[in-house]
Amino acid sequence: MSLSRREFLQLLTAASAAGFALPGCDNSSTTTAQTATQSATPTDPYELKSFGNVSFMHFTDCHAQLLPLHFREPNINLGLGNAYGKAPHLVGNKFLKHFGIKPGTREAYAYTYLDYVEAARQYGKVGGFAHLATLIKQIRAQRPSALLLDGGDTWQGSATALWTQGQDMVDASKLLGVDIMTGHWEFTYGAERVQEIIKNDLDGQIEFLAQNVVETTFEDRIFNPYTLKEQNGIKIAIIGQAFPYTPIANPRYMIPDWSFGIRDEALQELVDEVRGKGAQVVVVLSHNGMDVDLKMASRVTGIDAIMGGHTHDGVPAPSIISNSTGKTLVINSGSNGKFLSVLDFDVKGGKVSDYRFKMLPVFSNLIKADAQMAAYIDKVRAPYKAKLEEKLAITDSLLYRRGNFNGTFDQLILDAQIEVQGADMAFSPGFRWGVSLLPGEAITREALMSQTAITYPKATLNTITGENLKVIMEGIADNLFHEDPYYQMGGDMVRTAGLKYTIDPTAKMDHRISDMEINGSAVEASKEYTVAGWAAVNPVPEGRPIWEVVEEYLKDIKVVKIDKPNVPKLKGSSGNPGIANI
Amino acid sequence: MKRRTFMKGSLAGSVLAVAAGSGLLKPTDVLAAGWPKGAFDAQTEADMLSSLYGSSSAAASGKIRIKAPIQAENGRVVPVKVQADLANVEAIAVAVAKNPRPLATSVNLSGGATGYYSTRIKMGKTSKVTAYVKAGGKLHTASKTVKVTVGGCGG
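The structure presented is a predicted model; accordingly, all values stated were derived computationally and were not measured.

Thresholds applied
Residues numbered from 1 in each chain as written. Chains lettered and ligands numbered in written order. Predicted model: local features only at pLDDT ≥ 70, side-chain atom pairs only at ≥ 80, totals over all residues. Heavy atoms only, no water. Pairing = 2+ DSSP bridges. Helix = DSSP H or I, 4+ residues; strand = E, 2+ residues; numbered from the N terminus. Axes fitted to C-alpha atoms, helices over the stretch in contact; angles between N-to-C directions. Contact = heavy atoms within 4.5 Å. Buried area = accessible area lost by both parts, 1.4 Å probe. Salt bridge = Lys/Arg side-chain N within 4 Å of Asp/Glu carboxyl O. Polar contact = N/O pair within 3.5 Å; in protein donor to acceptor, adjacent residues only side chain to side chain. Nonpolar A, V, L, I, M, F, W, Y, C, P; charged D, E, K, R; others polar.

**Digging into the sheet that holds strand 17 (residues 425-430) of chain A**
Residue and element names in this part refer to chain A.
- Read across the open sheet, the four strands follow the order 19-24-17-20; overall the sheet is mixed. Here the strands that pair on one side only, and so sit at the sheet edges, are strand 19 (459-465) and strand 20 (492-497). Each strand of the sheet is rotated relative to its neighbour by a mean of 30°, with strand direction disregarded.
- Taken together, the two bridges between strand 17 and strand 24 (residues 528-534) define a ladder with parallel strand orientation. Note on strand 24: the bridge partner recorded for Met 425 is Val 531.

**Let's talk about the interface of chain B and chain A**
- Opposite the 22 residues of chain B that make contact, chain A presents 42 residues.
- Buried surface at the junction of chain B and chain A, summed over both partners, amounts to about 2,300 Å²; 54% is from carbon and sulfur atoms.
- Here chain B is connected to chain A by four salt bridges.
- For Glu265(A), the salt bridge identified is with Arg65(B), shortest N-O distance 3.0 Å.
- Run the count over chain B and chain A and you get ten residue pairs in polar contact (both at pLDDT 80 or more).
- Residues of the side of chain B that touches chain A, tallied by class, amount to seven nonpolar, nine polar and six charged.

**Notes on the side chain of Thr452(A)**
- The residue Thr452(A) is located in helix 15 (residues 445-452) in this model.
- The contact partners of Thr452(A), leaving out residues within four places of it in the chain, are Ile413(A), Trp433(A), Trp534(A), Ile546(A) and Trp547(A).

**Concerning the pairing of strand 7 (residues 226-231) of chain A**
All names here are of chain A.
- Two strands pair when backbone bridges link them, and strand 7 and strand 8 (residues 234-241) are joined in this way by six bridges, in the antiparallel orientation. Counted as the bridge partner of Thr 227 is Ile 238 from strand 8.
- With antiparallel pairing between neighbouring strands as the criterion, strand 7 and strand 8 make up a hairpin whose turn holds two residues, including Asn 232 at a positive phi of roughly 50°.

Right, here's the structure in full:
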């Protein structure tokens with residue numbers, strides 16, 4: 001693969017940020033984020049000159065993607081209220097301009113949807129654990145004491161992860177050398193399985209931290225909230241923050257005795273506690289979602305950096321957030337194994353005096369696969385190989401998922417539900433994970449499972465009144481577009497087929513959705529409609545898993561052609577830099 | 001479950017309320033102790049307050065803290081804690097404005113008790129949750145909105 005020296009220098013510099021005078025306890029000095037040029041000319045695109053005395057590597061939301069993949073970033077990621085026009089709510093050229101990335105480059109391909117198919121063919125796949133492993137080893141060679149943080153959503157997202165109840169990813173994470181993790185989809189294997197993995201597999205190797213998960217009766221913590229470590233004689237603390245709305249966004253029955261929530265007051269107490277114990281650097285490993293991270297950084301003091309995930313935002317520079325005593329860096333490192341973030345602190349006189357940050361896109365064809373990890377992946381896939389690689393259909397169109405309202409892969413799942421289930425309309429959840437497929441590629445069972453592999457996959461067929469449809473749509477829209485980030489749950493708007501509607505994301509709860517139409521007629525409040533769906537968070541008595549429904553449809557149609565997904569009519573969002581028409 | 005935490009919680013609340021909650025007293029005992037039927041049946045907060053305290057006027061107080069999730073994980077059991085840093089707390093009540101019958105809980109505290117009460121309440125939908133604290137013969141109040149939401153789609 002050819003990559004000119006100039007190109008990889010651009011790659012290195014555009015994504016890096018440096019600044020002075022961080023957080024905890026100092027508000028007097030000016031913090032400047034600036035684009036920094038590495039002083040030495042790298043001989044390798046991923047050579048990163050070491051800096052300071054405390055280092056972290058961070059990846060998040062890999063969703064069990066062991067192999068390199070394509071993953072298209074969204075062209076709709078609306079920011080409302082205070083989030084308008086700010087990272088991460090920028091798409092396409094607005095994103096590139098904001099971060100100083102040149103269009104048409106390898107880096108523009110990593111961070112945006114622009115010319116996606118052509119760029120994907122030119123620059124190849126991203127991620128993959130064998131490639132990530134090589135990169136991590138290389139960074140570790142430069143920074144022997146660096147800690148590897150995994151933001152969670154690691155044990156879920158693939159067929160093999162589901163079929164092994166997360167075991168393939170647990171073992172892969174250990175091999176990768178993850179030091180500390182927190183979680184979200186991990187919990188959908190159930191409380192017992194999570195505890196079993198922590199006790200039998202992670203013990204002594206990976207610390208699973210979450211300050212905001214407690215048992216419901218007396219609110220005792222389920223997991224260790226933080227860990228104290230040392231790098232180069234400097235004491236540091238890492239605090240875990242799991243996804244706060246797991247029991248609402250995912251089935252509560254999987255974790256009936258656990259309560260979550262943001263719990264930022266408890267977090268403040270912990271930050272004060274670890275500072276009291278001598279921590280000179282405090283990092284929160286978060287699965288809040290970036291908007292929640294940004295608000296939390298403005299309220300909780302004494303944190304040097306929040307390294308976050310959940311909303312899958314790959315943001316090449318930290319957001320620097322002021323609070324009453326200092327400043328906190330908020331970093332979100334994308335998803336699906338596409339990115340590895342490297343954060344270096346220079347600690348002097350008991351506090352952070354300077355930092356360097358670099359987000360490295362994992363270009364699979366620029367990195368040699370790690371032999372040990374590659375062998376492990378082969379081994380773990382071997383028993384399932386034929387099943388995984390079975391071709392169910394061919395796609396003529398680009399299939400992807402991300403975007404606030406719909407993706408072509410979601411459209412396929414919706415079309416399959418309407419056709420196979422015989423419904424008036426269909427719902428499909430606004431998940432943000434799963435591979436993208438290029439025109440001409442086969443839709444394998446593995447690709448389909450990357451969109452659907454969950455522990456509550458049953459396809460449902462319900463009768464719902466028009467009035468209740470409106471209530472459901474308004475409720476989900478509020479979870480996504482509430483003006484206060486602490487009420488946002490991440491994910492995207494539920495996808496619909498059969499149902500057309502208009503949405504004004506800037507309106508208040510119960511006033512966002514209008515003009516609902518099913519198959520050309522206005523939805524009537526008292527009329528009942530047949531609605532297909534899947535991934536219900538309440539127990540479902542019977543039903544086939546969604547992947548069987550889609551598989552039946554794919555084998556029937558043989559070739560998929562979806563040029564554009566159906567999206568609702570948008571109001572109140574014109575000019576928003578978080579939206580680009582395609 | 002930590003016994004010490006449990007003891008701390010039970011001591012802070014009224015002994016009667018805890019005893020009733022854990023089934024140590026038969027319902028008739030509770031009734032005998034003065035079950036405020038009218039207050040629990042009231043359909044507005046004003047009627048509820050009149051029935052409980054003989055007056056519906058309450059002054060907003062910054063000394064009352066309500067600890068409750070901003071979004072309920074399960075509307076059927078929403079944890080609510082009321083902390084009143086007021087002298088001579090005599091009674092604490094919690095009301096859910098949008099419930100058909102707003103009064104969720106009412107406790108009388110014996111002399112010398114701390115103004116702290118922790119409970120679980122049931123909520124039908126998103127609503128203002130209000131704590132009423134009687135202290136020194138006066139009624140004080142504070143409230144917080146708890147959202148009850150549909151699930152799904154996180155991710």
